[in-house]
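These are the residues of each chain, in order.
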Amino acid sequence: MNKVVKGKGAFLHNIMPLISDPAHGTHFGLTGQRGPTAMELKALQDRLEDGTKLMRHCRQCRADAVGLLGEDRGQEFTLDQLPEAVAYDPSQRETYREIVAVERGEHVAVRKAASAEIAALEAGACVLVAVATKGGGRINQHFGHATEFQIYEASAKGVAFIGHRKVEQYCEGGWGEDATLDGVIAALAGVDVVLCAKIGDCPKDALSAAGIEALDAHAYDWIEAGIAAWYAGHYGTHEQLLTA
């Protein structure tokens, strides 16, 4: 199918896993056909990404979805809630666009610098990094508050976003449940390190026991900058770190 899609001239397409949760009532769920694991889906995407860009950010949204990825706001915009007259101030929008342009330019520069920093180390290691983020391209969410983690791959090619892993929120009301933490750890299979704004000793120790490093040393950094800093500290030689 990938070859046919590419042959038709497509430069971007999506590989969607089976919707196999029985709660959704699909044929696959009702007949016991499981969906792929996150690592199985990644392996297939890696095999097919030879000149065709894949939509690794997909959350399987509805066609009529409103809001942000993973945050459906459709109920806020029903017809009965629309005002009869809409007041619009174009100057406010222009000011916001200027702020976005500055942020975007800074982020692009940081992304390029991070990839160059990792490539210069010549470590050759390819690792998966899970990031707790509320958006904006930064490491800005508490581990226990995350309902999904963005997954990045760091290698000699640089830093690349490759997908996301949905999880059940571990910490609610200041307390965490062991069973929920076990589910989060299972969802992070294949991940080498978790970067977040803050994490408690209990989940940090549990992640470590599962072979996953977790740290909040790069809180509120740009994601790619935090990943590059961790990678350099983990794989760089003493001489390279002194000149970084």
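Right above here is the structure, for reference.
Keep in mind the model is a prediction, meaning the values are calculated, not measured.

**Student:** I'm lost on helix α7 (residues 223-235) in this one. Help?
**Tutor:** Residues separated by three or four positions in an α-helix point in the same direction, a consequence of the helix having 3.6 residues per turn. The terminal C-alpha atoms of α7 lie 18 Å apart, and with 13 residues this matches the ideal 18 Å at 1.5 Å per residue to within 8%. Listed in full, the buried residues belonging to α7 are Ile223, Glu224, Gly226, Ile227, Ala228, Trp230, Tyr231 and Ala232.

**Student:** Sorry if this is basic, but what is going on with the pairing of strand β7 (residues 158-166) here?
**Tutor:** On any regular strand, side chains alternate: one points to one face of the sheet, the next to the other face. Taken together, the 8 bridges between strand β6 (residues 148-155) and β7 define a ladder with antiparallel strand orientation. Its bridge partner lying in β7, serine 155 is registered against glycine 158. In textbook terms, the turn of a hairpin is the stretch between consecutive antiparallel strands, and for β6 and β7 this stretch comprises 2 residues.

**Student:** Please explain helix α3 (residues 38-48) as it appears in this structure.
**Tutor:** Taken residue by residue, α3 has Lys42, Gln45 and Leu48 as its buried positions. Taken down its axis, α3 places every buried residue within 130 degrees of arc, on the same side. Looking at the buried side of α3, the elements it contacts are α1 (2-7), β2 (53-54), β5 (127-131), β6 and β7.

**Student:** What am I meant to see in the packing of aromatic side chains here?
**Tutor:** To describe a pair of aromatic rings, one takes the distance between the centres and the angle between the planes. One pass over the full model with this rule turns up 5 aromatic pairs. Centroid distance phenylalanine 143 to phenylalanine 149: 5.6 Å. Interplanar angle 40 degrees. Geometry classified as tilted. Here tryptophan 230 and tyrosine 235 contribute two aromatic rings whose centre-to-centre distance is 6.1 Å and whose plane-to-plane angle is 85 degrees, an arrangement assigned as edge-to-face. On the basis of relative accessibility, which here comes to 7%, the residue tryptophan 230 falls in the buried class. Arginine 138 extends its terminal NZ or CZ atom over the ring of tryptophan 222, reaching a point 3.8 Å from the ring centre.

**Student:** Can you help me understand the pairing of β5 in this one?
**Tutor:** Within β5, 5 of the 5 residues are buried, which leaves the element mostly enclosed by the surrounding structure. Residues Val127, Val129 and Val131 point to one face of β5 and Leu128 and Ala130 to the other, with burial holding for every one of them. Of the pairings in the sheet, the one linking β5 to β6 comprises 5 bridges and is antiparallel in character. The residue bridging valine 127 from the neighbouring strand is alanine 154, located in β6. Pairing of β5 with strand β10 (residues 193-195), which is carried by 3 bridges, proceeds in the parallel orientation. Along β10, the bridge assignment pairs alanine 130 with valine 194.

**Student:** It is not clear to me how the nonpolar core should be interpreted in this structure. Could you clarify?
**Tutor:** A general trend in soluble globular proteins is that nonpolar side chains are found buried together. Ranked by size, the top nonpolar core spans 23 residues in total, and within it Phe143, Phe149, Leu188, Val191, Val194 and Leu207 carry the most contacts. Of all the secondary-structure elements, those providing two or more residues to this core are β5, β6 and α5 (178-187). Here this core takes 4 residues from α5, the largest share from any one element. Ignoring any residue separated from it by four or fewer positions in sequence, one finds phenylalanine 149 in contact with Ala130, Val131, Ala132, Phe143, Gly163, His164, Arg165, Val167, Val184, Leu188 and Val194. One finds Leu215, Ile223, Ile227 and Tyr231 within the second-largest nonpolar core, a separate group that totals 20 residues.

**Student:** Explain the side chain of arginine 56 to me, please; I cannot follow it from the model alone.
**Tutor:** Mapped onto the elements of the fold, arginine 56 is located in the loop between β2 and β3 (67-68). Residue arginine 56 is classed as buried on the basis of its relative accessible area of 8%. Looking at arginine 56, its side chain comes within polar contact range of the side chain of glutamine 45, at 3.3 Å.

**Student:** Got a minute to help me understand the sheet that holds strand β11 (residues 213-215) in this structure?
**Tutor:** Across a sheet, strands are paired by hydrogen bonds formed along the backbone, either parallel or antiparallel in direction. Here we have 5 strands laid out as an open sheet, ordered β7-β6-β5-β10-β11, and mixed in their pairing. Each edge of the open sheet carries a strand with a single partner, namely β7 and β11. Taking the axes of each pair of neighbouring strands and ignoring which way they run, one obtains an average angle of 25 degrees across the sheet.

**Student:** Would you mind going over the side chain of asparagine 140 with me for this structure?
**Tutor:** Positionally, asparagine 140 belongs in the loop between β5 and β6. Take asparagine 140: its relative accessible area is 14%, and that puts it in the buried class. A distance of 3.2 Å separates the side chain of asparagine 140 from the side chain of threonine 133, its partner in a polar contact. In terms of polar contacts, asparagine 140 uses its side chain to reach the backbone amide nitrogen of lysine 134, at 2.6 Å. When residues no more than four places from it in sequence are discounted, the contact partners of asparagine 140 are Ala132, Thr133, Lys134, Gly135, Ala197 and Tyr220.

**Student:** Just to check I follow, could you spell out unusual backbone geometry for this structure?
**Tutor:** For residues that are not glycine, phi is negative in most cases, and the peptide bond is trans in most cases. For tyrosine 220, which is not glycine, the phi dihedral falls at a positive 70 degrees. Tracing the chain through its elements places tyrosine 220 in the loop between β11 and α7. Given the relative accessible area of 52%, tyrosine 220 is considered exposed.

Basis of the calculations
- Residues numbered from 1 in each chain as written.
- Predicted model: local features only at pLDDT ≥ 70, side-chain atom pairs only at ≥ 80, totals over all residues.
- Heavy atoms only, no water.
- Helix = DSSP H or I, 4+ residues; strand = E, 2+ residues; numbered from the N terminus.
- Expected span 1.5 Å × (residues − 1).
- Buried < 20%, exposed > 50% of the residue type's maximum accessible area, 1.4 Å probe, protein only.
- Pairing = 2+ DSSP bridges.
- Arc of directions from axis to C-beta.
- Contact = heavy atoms within 4.5 Å.
- Phe/Tyr/Trp six-rings, centres within 6.5 Å; stacked < 30°, edge-to-face > 60°.
- Lys NZ or Arg CZ within 6 Å of the ring centre and 35° of its normal.
- Core = buried A, V, L, I, M, F, W, Y, C linked by side-chain atoms within 4.5 Å.
- Polar contact = N/O pair within 3.5 Å; in protein donor to acceptor, adjacent residues only side chain to side chain.
- Axes fitted to C-alpha atoms, helices over the stretch in contact; angles between N-to-C directions.

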